[in-house]
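# Report on the structure
Next come the chains, spelled out residue by residue.
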Amino acid sequence: MNTLLFPVILAGGKGERFWPLSRKDRPKQFLSLDGSSRSLLQATADRLIELGGGWDSLWVITSSQIAEGVRQQLPDLPVENLLIESEGRDTAAAVAWTSLEIKQRYGEDAVIGFFPADHWIADQEAFAHTLNAATQLATSTAAIVTLGIKPTFPSTGYGYIEQGEKIGSFNELPAYHVNRFTEKPDRETAETFLSTGRFSWNSGMFVFRAGVVLKELYTHAPEIIEPLEQHGPDIYPQLPKKSIDYALMEKTTLAYVLPVDFGWDDLGDWNAIERLLKTEDTPNVELATHVGLDTQGAIIYASNPEDVVVTIGLEDVVIVRDRNITLVVKKERTQEIKQILKILQSDSRFTDLL
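A brief report on the enclosed structure follows.

### A few points about helix α7 (residues 222–231)
Along α7, the residues that are buried comprise Ile224, Ile225, Pro227 and Leu228. For α7, the secondary structure elements touched by its buried residues are α3 (90–106), α6 (210–220) and α8 (244–249).

As structure tokens, then:
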């Protein structure tokens, strides 16, 4: 049985909640948001090539609109390891197609890991330790392993995983059967989840053998896997648009969770920048030249270092200056950026701003 991990980066997302910095020609995964010189996609690849045995084992699946950008960002990625979706159909189709391709090349016992391109990981050593444990579990058991992040606050923006019966330990990490997946809860429910000690955040990272996940897809999502196997990726635009959570993880009885803690953030919107970079001795997070008077709790970003942002009497706002756009939004309403993009999309005057 092949115990080498084949990591797959899911790099087709738009990152709309990081607009205006994230746009169609420069989505979130191409940005550096943590103050380093590496983009989120490059940092993800850096983490994974060490785990999978080099560039030959790394795969990326992305959309046709940004495939050339992926090639530029990851010039060492083998051409045959880049899968290009003609049309985005969410993560279930991406997992199904990539798993079929890896099975065809390496066999049904190939262990595959799926990782979003826009996550931040603090502790690489702990991350590698966790992936080794997940690979051991997937190798020894017919398991679809998900990494559950130990929650640090009652988030209403993440899905949750409830752990059931403990099935053993792998690489010194306990593994549990999954009782259930729960979508984003309200505050009271999230607080209840944390108080039980049985819930973790759904990270969207999965590890399994190719044959195991394909068999489960045939059982629970035949409308996705069967057309792909029969017609190949040409059928992509006709596939239903479903997440892997909805299409498979909420239905399978083979879901297992490793509750882990390696410092994680999914960088979902501008507030994530504050979680990464805020220090106790500074009133704001400033990735710009900022002159402020009585301004606190602000996140300020400017892509042009020559731009100066001046504020007076502001509190708990996000200010982003990028090219020809300035965004000002209360931190509590950053989720509504998607609604603004729909308004811009409906007006021909603003389509170049997307």
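### Focus on unusual backbone geometry
The linkage connecting Trp19 with the following residue, Pro20, adopts the cis geometry, with an omega of 10 degrees. In this fold, Pro20 is placed in the loop between β1 (5–10) and α1 (40–52). A positive phi angle is found at Asn171, which is not glycine, with a value near 50 degrees. Among the structural elements, Asn171 can be located in the loop between β7 (160–170) and β8 (173–182).

### Focus: the side chain of Asp245
Position of Asp245 relative to the elements: it lies in helix α8. There is no salt bridge for the buried Asp245, and the closest opposite charge comes from Lys184, which lies 9.9 Å off by N-O distance. Apart from residues lying up to four places away in sequence, Asp245 is in contact with Asn202, Phe206 and Glu250.

### Details of a nonpolar patch on the surface
On the surface, Val291, Val308 and Val310 cluster together into a nonpolar patch covering about 270 Å² of accessible area. Tracing the backbone shows Val310 in strand β15 (residues 308–312).

### Side note on the packing of aromatic side chains
Per the counting criterion, the structure on display carries 13 aromatic pairs. With 5.6 Å between their ring centres and 55 degrees between their planes, Trp270 and Tyr301 make a pair best called tilted. Placement of the pair is Trp270 in the loop between β11 (264–265) and α9 (271–277) and Tyr301 in strand β14 (residues 299–302), with a sequence separation of 31 residues. Like Trp270, the residue Tyr301 is buried in the burial classification. The rings of Phe153, Tyr158, Trp201 and Trp264 are connected pair by pair, giving a single aromatic cluster. In this structure, Arg47 is placed above the aromatic ring of Phe127, and the distance from its NZ or CZ to the ring centre is 5.9 Å. Taking the ring centre of Tyr246 as reference, the NZ or CZ of Lys251 above it sits at 5.3 Å.

### Focus: the environment of Arg321
With respect to the secondary-structure elements, Arg321 resides in strand β16 (residues 317–322). Considered as a pair, Arg321 and Glu250 are 71 residues apart in the sequence and their alpha carbons are 40 Å apart. If near-sequence neighbours (up to four positions away) are discounted, Arg321 is found in contact with Tyr301, Ala302, Ser303, Asp307 and Thr326. One polar contact links Arg321 to Thr326, side chain to side chain, over a distance of 2.8 Å.

### A word on the nonpolar core
One finds Ile9, Phe127, Leu258 and Phe262 to be the most contacted residues of the largest nonpolar core, which totals 46 residues. Setting aside residues up to four positions removed in sequence, Leu258 forms contacts with Thr130, Ala133, Ala134, Val145, Thr146, Leu147, Gly148, Leu173, Pro174 and Ala175. The next biggest cluster of nonpolar side chains, apart from the first, holds 43 residues, and it includes Ala94, Ile144, Val212 and Tyr236.

### Details of a positive patch on the surface
A contiguous patch of positive charge, built from Lys14, Lys24, Lys184, Lys241, Lys338 and Lys342, is present on the exposed surface. Secondary-structure assignment places Lys241 in the loop between α7 and α8.

### Here we look at the packing of α3 against α7
A pair of packed helices is captured by two measures, namely the crossing angle of their axes and the spacing between those axes. Two numbers describe how α3 lies on α7: the axes approach to 10 Å, and their chain directions differ by 40 degrees. Considering their axes alone, α3 and α7 lie oblique with respect to each other. At the point where α3 passes α7, the crossing takes the right-handed sense. Residues Ala92, Ala93, Ala96, Trp97 and Leu100 of α3 lie in contact with α7, whose contacting residues are Ile224, Ile225, Leu228 and Glu229. When grouped by side-chain class, the residues that make up the contact of α3 with α7 number eight nonpolar, no polar and one charged.

### Digging into the environment of Ser63
The residue Ser63 is located in strand β2 (residues 59–63) in this model. Each C-alpha atom, one on Ser63 and one on Glu85, is 4.7 Å from the other, the two residues being 22 residues apart in sequence. Those residues in contact with Ser63 that lie beyond four places of it in its chain are Gly12, Ile84 and Glu85.

### A look at the sheet that holds β16
The sheet built from four strands is open, its strands ordered β12-β14-β16-β17 with mixed pairing. Since the sheet does not close on itself, it has two edges, and those belong to β12 (285–287) and β17 (325–330), each with one partner. Averaged over all adjacent pairs, the angle separating strand axes in this sheet is 5 degrees, with direction ignored. Note that β14 and β16 share four bridges and pair parallel.

What counts and what doesn't
Residues numbered from 1 in each chain as written. Predicted model: local features only at pLDDT ≥ 70, side-chain atom pairs only at ≥ 80, totals over all residues. Heavy atoms only, no water. Buried < 20%, exposed > 50% of the residue type's maximum accessible area, 1.4 Å probe, protein only. Helix = DSSP H or I, 4+ residues; strand = E, 2+ residues; numbered from the N terminus. Contact = heavy atoms within 4.5 Å. Lys, Arg positive; Asp, Glu negative; His and termini not counted. Salt bridge = Lys/Arg side-chain N within 4 Å of Asp/Glu carboxyl O. Patch = residues over 30% accessible without salt bridge, like charges linked within 9 Å, V, L, I, M, F, W, Y side chains within 5 Å. Areas by Shrake-Rupley, 256 points an atom, 1.4 Å probe, with all protein chains shown as cover. Phe/Tyr/Trp six-rings, centres within 6.5 Å; stacked < 30°, edge-to-face > 60°. Lys NZ or Arg CZ within 6 Å of the ring centre and 35° of its normal. Polar contact = N/O pair within 3.5 Å; in protein donor to acceptor, adjacent residues only side chain to side chain. Core = buried A, V, L, I, M, F, W, Y, C linked by side-chain atoms within 4.5 Å. Charge placed at Lys NZ, Arg CZ, Asp CG, Glu CD. Axes fitted to C-alpha atoms, helices over the stretch in contact; angles between N-to-C directions. Parallel < 35°, antiparallel > 145°, perpendicular 65-115°, else oblique. Left-handed = near helix turned anticlockwise from the far one by under 90°. Nonpolar A, V, L, I, M, F, W, Y, C, P; charged D, E, K, R; others polar. Pairing = 2+ DSSP bridges.

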